[in-house]
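# Geometric and topological summary
Here are the chains, one letter per residue:
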Amino acid sequence: MYNRSAVGGAANTQSGNRVFVYEVVGLKQNEATDQTNYPIRRSGSVFITVPYNRMNEEMRRIARLGGQIVSIRPLGAENQGNGTSAPETSNRLQQEKKEEAKPMTQAKEKEKKDIPVNIYRPNAPFVGKCMSNEELVREGGEGTVRHVKFDLSGGDLRYLEGQSIGIIPEGTDQNGKPHKLRLYSIASTRHGDDLDDKTVSLCVRQLVYKHPETGEEVKGVCSTFLTQMNVGDQVKITGPVGKEMLLPDDPEANVIMMATGTGIAPFRAFLWRMFKEQHEDYKFKGLAWLFFGVAYTPNILYKEELEELAAKFPDNFRLTYAISREQKNAKGGKMYIQDRIAENADELWNLVQKSNTHTYICGLKGMEGGIDEGMSGAAGKFDVNWADYQKQLKKEHRWHVETY
Ligand SMILES: Cc1cc2nc3c(=O)[nH]c(=O)nc-3n(C[C@H](O)[C@H](O)[C@H](O)COP(=O)(O)OP(=O)(O)OC[C@H]3O[C@@H](n4cnc5c(N)ncnc54)[C@H](O)[C@@H]3O)c2cc1C
């Protein structure tokens, strides 16, 4: 059933798995090279192991450091070619092979993966049916958040974890025109909650606010439409869209997730794929760490299932709540995600530095500032400027943000 998920698996071609040794000259001992771990030999040569998928990147790096590549050969052919063998480095090369044959960057994955986008456009949306609509906020919690599942059978809509779909609510706006679509993060895996590849699920909070001038209660158009749907009701769906929040194919990647409220939606899809479903081509072996910020305990969406996973997979899944109105931070204030980051600064910082760690942020627009503050503190403990470091993470497509 899950063979369709092999889209990214095929990316690991034979050449994609190979590792090469660059012999480089001209890398003088200086401040920049001191920050690398290249052993510069007396002859002036440096031998660097490079996985196939990072060859271009490494060439550019070497050029930036003023080096010149004099030979490139596959690892294991150290004693062939130009005679500049480096037997004494072979252990190190093996070690580096292990360390550097890291997963492809997500940019490369994106190129190779079959990412479905805009299969259905607003002028010809897919018309699905509501199959279920369940409240996720328990008694004593704030507001309404519903898990809504739609039937996709009869259509071509397919999607990946981390993507969103558009919903066009029924009715017209104040100008008499059809409503515009609203985006919602998909909360199910590509196989859907029933594992039959025929459904898509959302996690929707009903927007309710007081009109700033009249003080009247205003209800959001689309969120009200969705949260009040009955089983059998029709829904116009567009998309899927989004490439920012895709889960790395590498089953050994570390995945840090930071969510507030309905920002849990893509992470539910991630976690279900990692731990609930069984896949031939994807058996998660990394660390998944979810920081989940909510106001009250009854607002912890999917609580039972998340805790069940945390109990069942303690080596691979960590669950950290920040319950702002109930828990206190170290200073006695409200507990937000950034306070949890501060508490776990050393571990997080170690993790973020690994080239196979991806960090995802999803939820309320305002949450990024606090997370930057927390990460700034974590990086600052090690004398690293977070803003600079974050730029690098973004360049490497390892820092993913979707806030709304
Ligand atoms: C990529 C992406 C993913 C998303 N995923 C999800 C998701 O998984 N779950 C989810 O619930 N939502 C999600 N959203 C938000 C969703 O798209 C809608 O914006 C949300 O449901 C509100 O739409 P609505 O039609 O109900 O509100 P509308 O009727 O469109 O009203 C929204 C408007 O109300 C006004 N407004 C809102 N709050 C206030 C306030 N406090 N004071 C004054 N005016 C205010 C603003 O003008 C705002 O533009 C996502 C958004 C994006 C961009």
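Thresholds applied
Residues numbered from 1 in each chain as written. Predicted model: local features only at pLDDT ≥ 70, side-chain atom pairs only at ≥ 80, totals over all residues. UniProt positions renumbered as here; feature names shortened; annotations may be inferred. Near = placed C-beta within 6 Å. Helix = DSSP H or I, 4+ residues; strand = E, 2+ residues; numbered from the N terminus. Domains from an automatic or database assignment. Pairing = 2+ DSSP bridges. Axes fitted to C-alpha atoms, helices over the stretch in contact; angles between N-to-C directions. Parallel < 35°, antiparallel > 145°, perpendicular 65-115°, else oblique. Contact = placed C-beta atoms within 7 Å. Nonpolar A, V, L, I, M, F, W, Y, C, P; charged D, E, K, R; others polar. Core = buried A, V, L, I, M, F, W, Y, C linked by C-beta atoms within 7 Å. Buried ≥ 20, exposed ≤ 12 C-beta atoms within 10 Å, placed from the backbone. Right-handed = clockwise from strand over helix to strand, strands pointing away.

An unreviewed UniProt entry lists the protein chain under the name Ferredoxin--NADP reductase, from Floridaenema fluviatile BLCC-F154. The heading Catalytic activity (unreviewed entry) in the UniProt record of the protein chain holds the text "2 reduced [2Fe-2S]-[ferredoxin] + NADP(+) + H(+) = 2 oxidized [2Fe-2S]-[ferredoxin] + NADPH".

The next subject is the site of the ligand. If you check the shell around the ligand, you find 20 residues, and the closest are Tyr209, Gly220, Cys222, Ser223 and Tyr404. Residue assignment for the shell around the ligand shows that the elements contributing at least two residues are β7 (182–185), β8 (199–205) and α6 (221–227). Counting residues domain by domain, the shell around the ligand receives three or more from each of domain 2 (126–241) and domain 3 (254–403).

Next up on the list: the sheet that holds strand β1 (residues 19–25). One open sheet holds the three strands; their spatial order is β2-β1-β3, and the pairing between them is antiparallel. Both edges of this open sheet fall to β2 (46–51) and β3 (68–74), since each of them pairs with a single strand only. Adjacent strand axes in the sheet meet at a mean angle of 25°, parallel and antiparallel pairs treated alike. Both β1 and β3 contribute to a ladder of six bridges, which runs antiparallel. Each bridged residue has a counterpart across the sheet, and for Phe20 the counterpart in β3 is Pro74.

Ordered by their spatial adjacency, six strands build an open sheet running β7-β6-β11-β4-β5-β8, and the pairing between neighbours is antiparallel. This sheet does not close on itself; its edge strands, each paired only once, are β7 and β8. In this sheet, neighbouring strand axes are inclined to one another by 40° on average, regardless of whether the strands run parallel or antiparallel. Pairing between strand β4 (residues 126–135) and strand β11 (residues 234–241): four bridges, direction antiparallel. Among the inter-strand pairings, Lys129 is bridged to a residue of β11, identified as Gln234.

A few words on the packing of helix α10 (residues 345–353) against helix α11 (residues 367–380). At their nearest, the axes of α10 and α11 sit 9 Å apart, and the two run at 85° to each other. The angle between the axes of α10 and α11 places the two elements in the roughly perpendicular class. Along its contact with α10, which presents Ala345, Leu348 and Trp349, the element α11 presents Gly377, Ala378 and Ala379. Of the residues belonging to the contact of α10 with α11, the class tally is five nonpolar, one polar and no charged.

Generally, phi is negative for residues other than glycine and the peptide bonds are trans, each holding for most cases. A cis geometry characterises the amide bond from Gly239 onward to Pro240, with omega recorded as 5°. In the Ramachandran plot, Asn118 falls in the positive-phi region, its phi being about 50° despite a non-glycine side chain. Tracing the sequence through the fold places Asn118 in the loop between α5 (106–112) and β4. Positioned with a positive phi, Asp197 is a non-glycine residue whose angle comes to about 60°.

Ranked by internal contacts, the top residues of the largest apolar core, which has 74 residues, are Leu202, Cys203, Met257 and Met258. Of all the elements, helix α7 (residues 264–276) adds the most residues to this core, at eight residues. Split by domain, the residues of this core number at least three in each of domain 2 (126–241) and domain 3 (254–403). Among the nonpolar cores identified, the runner-up in size contains nine residues, and Val19, Val21, Phe47 and Ile48 belong to it.

Turning to the pairing of strand β13 (residues 288–294), a few remarks are in order. In terms of burial, β13 is a largely internal element, seven of the seven residues being buried. Of the two faces of β13, the one holding Ala288, Leu290, Phe292 and Val294 and the one holding Trp289, Phe291 and Gly293 are both buried throughout. When strand β12 (residues 254–260) meets β13, the two strands line up parallel, connected through six bridges. Within the sheet, the bridge partner assigned to Ile256 lies in β13 and is Trp289. With α7 bridging β12 and the parallel β13, this β-α-β connection has right-handed handedness. Note that β13 and strand β14 (residues 317–323) share seven bridges and pair parallel. Note on β14: the bridge partner recorded for Gly293 is Ala322. Tracing the backbone out of β13, into helix α8 (residues 303–312) and back to the parallel element β14 gives a crossover that is right-handed.

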